[in-house]
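Overview (structure and organization)
This is what each chain is made of:
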Amino acid sequence: MREIGDDVRRARQKRLLARGASSEYQDLAVYERVERALNRALAARESGVLLLPELFEDAADVRLTEQLRVTSHRPLLGPLIVFVKRRIILPLTRTLFEYCQDNFRRQQQVNEVLMACIEELALENALLEKQARGETRG
Amino acid sequence: MKLACVVHRYGSDIAGGSEAHCRQIAHRLAAHHDVTVLTTCARDHVTWRNEYAAGESMDGRVRVLRFPVARERSLMRFRDATDAALAREATDADEEQWFRENGPDTPALLAHLQQSGQSYELVLFWAFRYAEVFFGVPLVASRAILVPTAEDDRIVRMPLSARLFEQAAGFIFLTPEEQTLVARQLDEPLAPSCVVGAGLDAPPPPSTTDLTSLGIKPPFFLYLGRVDPNKGCEGLLRHFARFAAERSHVPQLVLAGPENMPIADAPWLKRLGFVDEAVRDALLTQATALVVPSRYESLSLVLLEGWNRRLPAIVNRACEVLDGQVRRADGGLSYADYDEFAHSLGYLLDHPDVARQLGQQGFDYVERWYRWPTVLETIEQFLQQVRHRADVM
């Protein structure tokens, strides 16, 4: 509902300013514009349509490895090593593993949000440049 | 029509969304069709231990064929299979193994589909993530209707899940969001589909059960269902604790459902555990609003049940299904962060007339789309359409 959205926006603006946020936020229009840009970034992150990850040399480098795959490259001892890792070492360290996995998931989310924010800023910058040059749509 | 309904568990004592959905629809279709349920002997969805007798029985007008589960689930192997299937280098074999380890492993049911599947004009499969669906749909693909009950998680996004979806002759979805979710996994257009949700009967007269004897007094907010981190309950309790700390007059938060996580007691918190129908009804009738904090829902029956009693809802906007339902019904509010959560609760407390209006709108939405005659008419027309298409092809 719009009035709740407006109330939330004003209350949050007030709270951030009270904590020492940028004085630019005193201008409600500026604050709303920033909030809109960040919300667009969050939405883009959730729908997985970012450009920035595509520009990495190897797309696999963009994601944290949240799942553990137990393997061995050794031809003869490999199956024994995998068995020991999976049935002895991993159960003993399961609690630590799951703690790390939770944090990897959170870090992955933070990484995605940051990439989305950078991309949103780049997009806004491009649009402002275009406006400043007075270009018309082709 | 001669129809088969394939589901991993079946019975009047089975608590589970997709299982209940299958049973309710099977019963109502059986009024006009020859319906056979193909299911397992399992009662418990974690172990798949055989507890029902194998063989044929009747459940009202529905014929039930139960097949034994060949092996119980090994949680250790299932965990290994999940790690492998969701890893970066996962192969088709890894993903197929996930479906095997998820189970239930029921070779006799699959053999029945192989030998007798063509004797059914249509075969409806419930819940795509279970083995009897993954391995069963290809056996009767040209007459397979899938009721995926899919949520937006990593399993639905596995490539082999998309290959399963490609094989179905048709789909019955619970929400438009689920329809979009499944369609997004495919390169080709989706097979014919319909969106029906679930059927609800008109609500009983409001319960007069006295909740004060349970230590509950209005105003209170209600969470109904399994109290579990996977249902967003950790976030709910964190938000509500902060909300309570910021207010002078604090409403109660009532948790009604089995608990699957540690919970710290608080003066504003009322934990009831599992509740009977009379108490459940009274809670839904007397609460200020129902809170649904889950990020992963394929329908949320509890949301519809709340609206069926004119109870407004406050839902987590991160769940597209919940957000979509609340928008379509205009039956509540949604939140994306703590500030919106707190303002939504405060708003409904301060504007009871608006809360009543939202609840009424939710009820009107249920009346329009979720009464059994409407749901069944949609399913009947769809089944005829798919059968005709299969005949032509």
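Residues numbered from 1 in each chain as written. Chains lettered and ligands numbered in written order. Predicted model: local features only at pLDDT ≥ 70, side-chain atom pairs only at ≥ 80, totals over all residues. Heavy atoms only, no water.

Here we take up the overall build of chain B. A count of helices and strands for chain B gives 14 helices and 14 strands. Seen through its principal axes, chain B has C-alpha atoms that stretch 65 × 45 × 40 Å. Looking at chain B as a whole, 56% of its 393 residues qualify as buried. A total of about 16,500 Å² of accessible surface is found on chain B, and carbon and sulfur atoms cover 50% of it. When the 41 positive and 52 negative side-chain charges of chain B are each reduced to one mean point, those points stand 2 Å apart. (Helix = DSSP H or I, 4+ residues; strand = E, 2+ residues; numbered from the N terminus. Buried < 20%, exposed > 50% of the residue type's maximum accessible area, 1.4 Å probe, protein only. Areas by Shrake-Rupley, 256 points an atom, 1.4 Å probe, with all protein chains shown as cover. Lys, Arg positive; Asp, Glu negative; His and termini not counted. Charge placed at Lys NZ, Arg CZ, Asp CG, Glu CD.)

Residues and elements named next belong to chain B. Read from one edge of the open sheet, six strands run β11-β10-β9-β12-β13-β14, paired in parallel fashion. The open sheet has two edge strands, β11 (269-273) and β14 (332-335), and neither has a second partner. Going from strand to strand, the sheet's axes swing by 25° on average, the running direction of each strand aside. Each of β9 (220-224), β12 (289-292) and β13 (313-316) is contacted by helix α10 (residues 301-308), which is oriented at about 160° to β13, the strand it contacts most. (Pairing = 2+ DSSP bridges. Axes fitted to C-alpha atoms, helices over the stretch in contact; angles between N-to-C directions. Contact = heavy atoms within 4.5 Å.)

Here we come to the interface of chain B and chain A. Across the contact, 23 residues belong to chain B and 21 residues belong to chain A. Summing both sides of the interface, chain B and chain A together bury roughly 2,000 Å²; the carbon and sulfur share of this comes to 48%. Run the count over chain B and chain A and you get six salt bridges. Taking the shortest distance from any N to any O, the salt bridge between Asp-83 of chain B and Arg-94 of chain A comes out at 4.0 Å. Applying the counting criterion to the chain B and chain A interface returns four residue pairs in polar contact (both at pLDDT 80 or more). Counting residues per element, the ones that place at least two in the side of chain B that touches chain A are α2 (75-85) and α12 (338-350) of chain B. Broken down by element, the residue count for the side of chain B that touches chain A peaks at seven residues, all from α2 of chain B. Of the residues in the side of chain B that touches chain A, the class split is eight nonpolar, three polar and 12 charged. (Buried area = accessible area lost by both parts, 1.4 Å probe. Salt bridge = Lys/Arg side-chain N within 4 Å of Asp/Glu carboxyl O. Polar contact = N/O pair within 3.5 Å; in protein donor to acceptor, adjacent residues only side chain to side chain. Nonpolar A, V, L, I, M, F, W, Y, C, P; charged D, E, K, R; others polar.)

Let's shift gears to the pattern of salt bridges. In total, this model carries 42 salt bridges over all chains according to the counting rule given. Of the charged contacts in the structure, one is a salt bridge between Asp-201 of chain B and Arg-28 of chain B, with a shortest N-O distance of 3.9 Å. One end of the pair, Asp-201 of chain B, is in the loop between β8 (193-195) and β9; the other, Arg-28 of chain B, is in helix α1 (residues 17-29), with 173 residues separating them in the sequence. The closest approach of N and O atoms between Arg-129 of chain B and Asp-153 of chain B, which form a salt bridge, is 2.8 Å. Of this pair, Arg-129 of chain B sits in the loop between β5 (122-126) and α5 (131-134) while Asp-153 of chain B sits in the loop between β6 (144-147) and α6 (159-167), and the two are 24 residues apart along the sequence. The exposure classification of Arg-129 of chain B matches that of Asp-153 of chain B, with both residues buried. Three or more residues joined by partner-sharing salt bridges are found here, namely Asp-6, Arg-9, Arg-12, Arg-15 and Glu-35 of chain A together with Asp-337 and Asp-339 of chain B.

Here we come to the confidence of the model for chain A. Of all residues in chain A, 91% attain a pLDDT of 70 or more, and the chain-wide mean is 83. Of all secondary-structure elements in chain A, the lowest mean pLDDT belongs to helix α2 (residues 28-47) of chain A, at 83, while helix α4 (residues 94-133) of chain A reaches the highest, 87. (pLDDT = per-residue confidence, 0-100.)

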